[in-house]
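What follows is the residue order along each chain.
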Amino acid sequence: MSDIAVSVQDGEPAAVPANSTVQEALSKLLSNKQRKRVVAAKVGDSIVDLTTILTEDTVLSPIMIDTPEGLDVLRHSTAHIMAHAVRDLFGADVKVAIGPSIENGFYYDFLRSEPFTPEDFEKIEARMAEIANQNLPFIRTEIASSDATRAFEAEGEKYKVELIRDLQTDAVSLYSVGGFQDLCRGPHLPNTSFIKAFKLLRVAGAYWRGDEKNDVLQRIYGTAFFDAKELKKYLNALEEAKKRDHRRLGKELQLFTTDDQIGPGLILWQPKGAQLRRLIEDYWKDEHYRHDYDLLYTPHIARQDLWKTSGHLDFYGENMYSGMDIDEVRYQLKPMNCPFHIGVYKSDKRSYREFPLRWCELGTVYRYERAGALHGLLRVRGFTQDDAHIFCRPDQLEDEIYNILELNLHILKNFGFADYDIYLSTRPEKYVGSDENWEAATNALKLALEKKGLGFEIDPGEGVFYGPKIDIKIKDQLGRAWQCSTIQVDFNLPERFKMTYVGADNTEHQPIMIHRALMGSLERFIGVLIEHYAGAFPLWFTPIQARIMNITDDQADYGLEVYEKLRKAGLRIEKDLRNEKLNYKIREAQLAKIPYMLIIGDKEKEDGTVTVRLRDGKNLPPMSIAEFAAKVQEEVQAGRGI
RNA sequence: GCCCACGUAGCUCAGAUGGUAGAGCGCAUCCUUGGUAAGGAUGAGGUCACCGGUUCAAUUCCGGUCGUGGGCUCCA
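Residues numbered from 1 in each chain as written. Chains lettered and ligands numbered in written order. Predicted model: local features only at pLDDT ≥ 70, side-chain atom pairs only at ≥ 80, totals over all residues. Heavy atoms only, no water.

### Some remarks on the sheet that holds strand β2 (residues 14–17)
Okay, so step 1: Here five strands make up an open sheet; going across it, the order is β2-β1-β7-β4-β5 and the pairing mixed. Bordering the open sheet on either side are β2 and β5 (46–48), each of which pairs with just one other strand. With strand direction ignored, the average angle separating the axes of adjacent strands in the sheet is 40 degrees.
Okay, so step 2: In this structure, strand β4 (residues 38–43) lies alongside strand β7 (residues 58–64), joined through five bridges in antiparallel fashion. Note that in β7 the partner of Ala40 across the bridge is Ile63.
Okay, so step 3: Those strands touched by helix α1 (residues 22–29) are β1 (3–8), β2, β4, β5 and β7, and its axis lies near 150 degrees from that of β2.
Okay, so step 4: Each of β4, β5 and β7 is contacted by helix α3 (residues 68–90), which is oriented at about 115 degrees to β4, the strand it contacts most. (Pairing = 2+ DSSP bridges. Helix = DSSP H or I, 4+ residues; strand = E, 2+ residues; numbered from the N terminus. Axes fitted to C-alpha atoms, helices over the stretch in contact; angles between N-to-C directions. Contact = heavy atoms within 4.5 Å.)

This is the structure we're talking about:
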């Protein structure tokens, strides 16, 4: 048999007999130590099993278990082992659906009449470990689709049959491990010995193929890592995320609450949360004014006819709350602010000379969200958009987009978000507006992004029907991405509302309209802020900047004096003058995540000073009340960046 | 909206094969006056989410409603 030349990328080729497996070839190319970490290999763009037969000269990229691609293979295989275990334990009552690897883990969907319980999880994990420990090979076979269909039909595996049918290929690949055989594209681990560190995390309902008309399956989520240490690290990170959960912190720090009597998805801001929100709103307004925006206020309801004109009733009606009759005229609660801003636009005859018009509003809107979608502050039914609409001439579009991006990133950065994923969404299949307009607008968005030096991805066809858009996702402290900002060009509403301006040529033209929100909604943004900072907000927008605590009752009067002076100086101050030990007061202030603790004993009372304790436990030297006030004001200035 | 789980004091949670309930924290009062993460005592506080059914008796069992959570789905 003749030899073929196989090499790893950038390495010397080795001669191996034709029809060797990848594994065999790699054994000539890699050290023993490296070989133990290889779980699959890349040939060109596709990832293949180590058992794949090589028939021609090939360049291989080995995939190590401790790389993202390696983890992917590991998790995918672990999902199969889980299905194997479930099948072993619960028999043929269980039908298997699909089990891919996903970000941070894997899942497998099952049809089973009984719900999976936490005790089941333990059993499944134990059985998985048994299977894994047997060091079983994953064996790939290719068979004709018709044979596979017959086999799965015999087992009653209707989902597999459906999958094969929709694949529309002549042959499919199967993988078997021990006694369990599954339809799968692969690739898989060479054997189960790599499966050492895994955990089942939760079970949830999921529709077959994500369609609510289909069967509801039970989806078991789990995760797997190449060693126990990595698994532990991940589980700890989950714990950490739990501690940062804005719903938990919102309660602990008394920021916001909801009330069954009032309704789900409707937020009540407690005094501290309201303070936090006010600070954010004030900052937002100040920055907008500085950036040449004007502020609007508009109502919460409007005649239903407005929503017909805008098209919201047709396109968005199912998310709008039903109307009310006022003097026999139908009114509806607003799901968006745009028609109102158009109302302001139409209050006057507009000239190209006054463009661009930049109008912003913290506009509270109400949208029907399905009950199951509601989530803390992140998904609610009543929320306040940090909205703005810009009306301009086509030739101003690119500059306006650039200015928006600049303000957008400036504000996000000031809140501590400097990492973004940016997406440019282009024309979808169904759209309004002319092709030329779409092209010009898409181009303007692109040019503005490039001019700003921002990397972005193009989401082809993901634009909304009325225009192209830019979406910005911010990354928080834990690296999680949150969609907040959106910048959208709109060809639809100017047309529907017959908006015009008088151009230099003394004829009427249609303005370009841009919608944009930077934080998205205040509720959502504050939720993200809470998680990002784990509730320990920077001084400039923390609801409480300092808490005064006396050591004994003897300094209560002085404590009150300090409190009043600092409040008058505009600081956000609390006092804890209770008859409690200092340790106790410090503990409480620490848990409340207050930046400065002002400690007052006889010394301070005598000298007219305060001793400042920081959140990190360090102390500043005693300073006068005025000095402290000045220090805080200075830090706030710096933090606001204005 | 759908599937599953859950709903007991302000908070975090325990509890009984069906006989109207407990802890810690917090709160109130008193003692204590203590310099950098919990001093002590006493006490108040619950229609066991809501409505209905079964039962001599329901917080406990059953049904429904509402809410919360994990997902699915949705987010022109």
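### A few points about the UniProt feature "binding site: Zn(2+)" (unreviewed entry) in chain A
Okay, so step 1: Using the residue numbers shown here, the UniProt feature "binding site: Zn(2+)" (unreviewed entry) corresponds to Cys338, His389 and His515. These annotated residues cover 178 residues of sequence, and their C-alpha atoms lie no more than 7.8 Å from one another, placing them together at a single site.
Okay, so step 2: In this structure Cys338 comes out as buried when scored by relative accessible area, which is 5%.
Okay, so step 3: Among all residues touching Cys338, those that are not within four sequence positions of it are His312, His389, Leu493, Met513 and His515.
Okay, so step 4: Residue placement: His515 occurs in strand β30 (residues 512–521).
Okay, so step 5: The contacts of His515, once residues within four sequence positions are left out, are Cys338, Ala388, His389, Tyr466, Thr486, Ile487, Gln488, Asp490 and Leu493.
Okay, so step 6: Within polar-contact distance, the side chain of His515 engages the side chain of His389 at 3.1 Å. (UniProt positions renumbered as here; feature names shortened; annotations may be inferred. Buried < 20%, exposed > 50% of the residue type's maximum accessible area, 1.4 Å probe, protein only. Polar contact = N/O pair within 3.5 Å; in protein donor to acceptor, adjacent residues only side chain to side chain.)

### Considering the pattern of salt bridges
Okay, so step 1: Applying the stated rule across the entire model yields 51 salt bridges.
Okay, so step 2: The shortest N-O distance in the salt bridge between Glu240 and Arg244 comes to 3.1 Å. Taken as a pair, Glu240 and Arg244 lie in helix α7 (residues 228–244) at a separation of four residues, close to a single helical turn.
Okay, so step 3: Taken together, the shared-partner salt bridges in this structure form one network comprising Glu162, Arg165, Asp166 and Arg209. (Salt bridge = Lys/Arg side-chain N within 4 Å of Asp/Glu carboxyl O.)

### Considering the packing of helix α9 (residues 271–290) against helix α16 (residues 522–533)
Okay, so step 1: One way to put it is that α9 packs onto α16 with a least axis distance of 11 Å and a crossing angle of 110 degrees. Classified by the angle between their axes, α9 and α16 sit roughly perpendicular to one another. Each of Leu276, Arg277, Ile280 and Glu281 in α9 lies in contact with α16, whose residues at this interface are Leu522, Glu523, Ile526 and Leu529.
Okay, so step 2: Its residues placed into classes, the contact of α9 with α16 shows five nonpolar, no polar and three charged. (Parallel < 35°, antiparallel > 145°, perpendicular 65-115°, else oblique. Nonpolar A, V, L, I, M, F, W, Y, C, P; charged D, E, K, R; others polar.)

### Observations regarding the sheet that holds strand β13 (residues 180–183)
Okay, so step 1: Overall, antiparallel pairing links the three strands, which are arranged β11-β12-β13 in an open sheet. The open sheet is flanked by β11 (139–144) and β13, the only strands paired with a single partner. Across the sheet, the axes of successive neighbouring strands diverge by a mean angle of 30 degrees, strand direction being ignored.
Okay, so step 2: Pairing of β11 with strand β12 (residues 171–177) involves six bridges; the strand directions are antiparallel. Its bridge partner lying in β12, Ile143 is registered against Val172.
Okay, so step 3: Across the sheet, α3 lies against β12 and β13, angled at about 130 degrees from β13, the strand it touches most.

### Details of unusual backbone geometry
Okay, so step 1: Note the cis peptide between Phe355 and Pro356, where omega equals -5 degrees.
Okay, so step 2: Here Pro356 lies in the loop between α12 (338–345) and β22 (357–366).
Okay, so step 3: The backbone of Asn19 shows a phi angle near 70 degrees, a positive value even though the residue is not glycine.
Okay, so step 4: When you line up the elements, Asn19 lands in the loop between β2 and β3 (20–21).
Okay, so step 5: The backbone of Arg209 sits at a positive phi, close to 60 degrees, despite the residue not being glycine.

### A short note on the packing of aromatic side chains
For any pair of aromatic rings, the description rests on two quantities: the centre-to-centre distance and the angle between the ring planes.
Okay, so step 1: A complete count under the given rule lists 27 aromatic pairs for this structure.
Okay, so step 2: When the centroid spacing of 4.9 Å and the interplanar angle of 50 degrees are considered together, the rings of Tyr345 and Phe391 count as tilted. Separated by 46 residues along the polypeptide, Tyr345 in helix α12 and Phe391 in strand β23 (residues 382–392) bring together distant segments of the chain. Of the two residues, Tyr345 and Phe391, both sit in the buried class.
Okay, so step 3: Summarising the aromatic geometry, the rings of Trp359 and Phe391 are spaced 5.6 Å apart at their centres and angled 70 degrees between planes, so their arrangement reads as edge-to-face. One end of the pair, Trp359, is in strand β22; the other, Phe391, is in strand β23, and 32 residues separate them in sequence.
Okay, so step 4: Cluster of aromatic residues (ring-pair linked, three or more members): Tyr283, Phe415, Phe417, Phe525, Tyr533, Phe537, Trp540 and Phe541.
Okay, so step 5: Over the ring of Phe90 we find Arg112; its NZ or CZ atom is 4.0 Å from the centre of that ring. (Phe/Tyr/Trp six-rings, centres within 6.5 Å; stacked < 30°, edge-to-face > 60°. Lys NZ or Arg CZ within 6 Å of the ring centre and 35° of its normal.)

### A closer look at the pairing of strand β32 (residues 573–576)
Okay, so step 1: Pairing of strand β31 (residues 546–550) with β32, which is carried by four bridges, proceeds in the parallel orientation. Bridging across to β32, Ile548 finds its partner in Lys575.
Okay, so step 2: Note on the crossover from β31 through helix α17 (residues 556–568) to β32: the handedness is right-handed. (Right-handed = clockwise from strand over helix to strand, strands pointing away.)

### Things to note about α9
Okay, so step 1: Spanning 20 residues, α9 covers 28 Å between terminal C-alpha atoms, matching the ideal 28 Å at 1.5 Å per step.
Okay, so step 2: Those residues of α9 that fall on the buried side of the exposure criterion are Gly273, Leu276, Arg277, Leu279, Ile280, Glu281, Tyr283, Trp284, Glu287 and His288.
Okay, so step 3: Two residues or fewer past α9, Asp292 is found with a positive phi of approximately 70 degrees. (Expected span 1.5 Å × (residues − 1).)

### Looking at the domain arrangement of chain A
Okay, so step 1: Annotation of chain A at the domain level lists domain 1 (3–64), domain 2 (69–232), domain 3 (257–298 + 337–533) and domain 4 (546–639).
Okay, so step 2: Distance from the C-alpha centre of domain 1 to the C-alpha centre of domain 4: 67 Å. (Domains from an automatic or database assignment.)

### Considerations on the packing of α3 against helix α4 (residues 118–133)
Okay, so step 1: Following both chains from N to C, one finds α3 and α4 inclined at 115 degrees, their axes separated by 8 Å at the closest point. Considered as vectors, α3 and α4 are oriented roughly perpendicular to each other. Crossing of α3 over α4 shows right-handed handedness. The residues of α4 that touch α3, namely those facing Thr78, Ile81, Met82, His84, Ala85, Val86, Asp88, Leu89 and Phe90, are Asp120, Lys123, Ile124, Arg127, Met128 and Ile131.
Okay, so step 2: Looking at the contact of α3 with α4 residue by residue, the classes come out as nine nonpolar, two polar and four charged. (Left-handed = near helix turned anticlockwise from the far one by under 90°.)

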